[in-house]
Amino acid sequence: MSELRGLISGYLDRCRNVRRLSPHTISAYENDLAQFAARLSKKDGLTAAAIRACLSRIAEDRRLAPRTVKRRIASVRAFLRAVDQPLALETFGTWKLSIRTPTQLPRAIDRVDLGTLLRGALRSGTKARMDDTHLCLSLLAATGLRVSELCALRAGSVKPQNGEIIVSGKGSRERVVIVANACVRRQLADHVLAVSRNGHTDAPLFRNSRGRPMTPQCLRLRLHSLVRRSRIAGAITPHMLRHTAATLLLEEGVDIRFVQRLLGHASIATTQIYTHVSDMALRGALERADVMKAFV
């Protein structure tokens, strides 16, 4: 198995240094492949039959969610394709595990709760912390950025004059995100000016309380604290702000292809799930209005 661990180590190095995958993706691959190596039968070695048996055992593990199982199989497939294409073809060419994953609609934040959240961010904390957190949440809600993308932004990523942000998304795909709201754009421009005052365009756009680049976990903790202080029922995560941005845009009639570009989805099928959320909002509004109740 030492040979397999060496192959995994080399593969992760290539993902990190050549493919330039995000630390979050590398961590997921590392965990999935470590679990695969631990479960693989040592006496059978790295054969198609042994790999299939190992993946079947992973799929039968009731402690794992279906999405986790699918991700682990995908990680193993990608690894084998990179290190041994004939073995990958022999393993997966005619074999496929059937794993049903329940349809899970994205959870958007209620408009009232979103307003409460943003007002709370303005009122709480020190001046520097207050502006930072409020701007972070405003950008997530206005643009649908992933929290990892937001934390990776540099001062030079922003063009304050036209409200454009250059984002490096999943798979190192670069896209331009536009901040349409004048207030958020002005707040962003002021923040960029303060960050890059000494001409340091490579400076992190957002920092934590210790002056280090902000991490997704740091923003999650700030948001959780803000939700508690604002007395909002239920949990709210940074990723829900991304769902909220997409849902609000579709509810306002923005073309789904524009929403796809804004979110950085490779496939429009990923974006289309938000139309179901908008349809649910439409149904709720129609049922509350019930214009025929006075006539029937």
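Please refer to the structure higher up on the page.
The sections below set out a description of the structure shown in this document.

This next bit is on the overall build of the protein. Scanning the protein for helices and strands turns up 13 helices and three strands. Across the 296 residues that make up the protein, the buried fraction comes to 39%. Taking the contacts inside the protein whose residues are at least 6 apart along the sequence as the reference set, 60% of them involve residues at least 24 apart. Total accessible area on the protein stands at roughly 17600 Å², and carbon and sulfur atoms take up 52% of it.

Turning next to helix α9 (residues 182–195). With 14 residues, α9 should reach 20 Å at 1.5 Å per residue; the first-to-last C-alpha distance of 20 Å fits that figure. Considered for burial, the residues of α9 that qualify are Val184, Gln187, Leu188, His191 and Val192. Axial view of α9: buried residues confined to an arc of 135 degrees, hence all on one face. Exposed side chains of α9 directed beyond 90 degrees from the buried face belong to Cys183, Asp190 and Leu193. The N-terminus of α9 is capped by Asn181, whose side-chain oxygen sits 3.0 Å from the backbone nitrogen of Cys183.

Attention now goes to the nonpolar core. Counting residues in each nonpolar core, the largest one holds 37 residues, and the members touching the most others are Leu117, Leu137, Leu139, Leu150, Ile165, Leu188 and Phe206. At the level of elements, α6 (111–123), α7 (127–143), α8 (147–151), β2 (164–168), α9, α10 (216–229) and α11 (238–251) are the ones that each hand at least two residues to this core. A total of six residues in this core trace back to one element, the largest contributor, which is α7. Sequence-distant contacts of Leu188, that is, excluding residues within four places in its chain, are made with Leu135, Leu139, Val158, Ile165, Val179 and Leu205. In this structure, Ile8, Ala50, Ile51 and Leu55 belong to the second largest nonpolar core, which totals 27 residues.

All right, on to the pattern of salt bridges then. Inspection of the entire model under this criterion finds twelve salt bridges. Of the charged contacts in the structure, one is a salt bridge between Asp13 and Arg16, with a shortest N-O distance of 3.0 Å. Separated by three residues within a single helix, Asp13 and Arg16 lie in helix α1 (residues 2–17), roughly one turn from each other. Classification of Asp13 as partly exposed rests on a relative accessible area of 36%.

An order of β1-β2-β3 is seen for the three strands of this open sheet, with the pairing classed as antiparallel. Among the strands making up the open sheet, the edge pair consists of β1 (158–159) and β3 (174–178). Bridging between β1 and β2 involves two bridges; their strand directions are antiparallel. Paired with Val158 across the strands is Ile165, a residue of β2.

Under the definition given, this model contains three aromatic pairs. With 5.5 Å between their ring centres and 70 degrees between their planes, Tyr11 and Phe79 make a pair best called edge-to-face. Of this pair, Tyr11 sits in helix α1 while Phe79 sits in helix α4 (residues 66–83), placing them 68 residues apart in sequence. Comparing Tyr11 with Phe79 shows no difference in burial state: the two are buried. Taken together, Tyr11, Tyr29 and Phe79 form an aromatic cluster joined through their ring pairs.

Definitions and limits used
- Residues numbered from 1 in each chain as written.
- Predicted model: local features only at pLDDT ≥ 70, side-chain atom pairs only at ≥ 80, totals over all residues.
- Heavy atoms only, no water.
- Helix = DSSP H or I, 4+ residues; strand = E, 2+ residues; numbered from the N terminus.
- Buried < 20%, exposed > 50% of the residue type's maximum accessible area, 1.4 Å probe, protein only.
- Contact = heavy atoms within 4.5 Å.
- Areas by Shrake-Rupley, 256 points an atom, 1.4 Å probe, with all protein chains shown as cover.
- Expected span 1.5 Å × (residues − 1).
- Arc of directions from axis to C-beta.
- Polar contact = N/O pair within 3.5 Å; in protein donor to acceptor, adjacent residues only side chain to side chain.
- Core = buried A, V, L, I, M, F, W, Y, C linked by side-chain atoms within 4.5 Å.
- Salt bridge = Lys/Arg side-chain N within 4 Å of Asp/Glu carboxyl O.
- Pairing = 2+ DSSP bridges.
- Phe/Tyr/Trp six-rings, centres within 6.5 Å; stacked < 30°, edge-to-face > 60°.

These results come straight from atomic positions and should not be treated as a statement about function.
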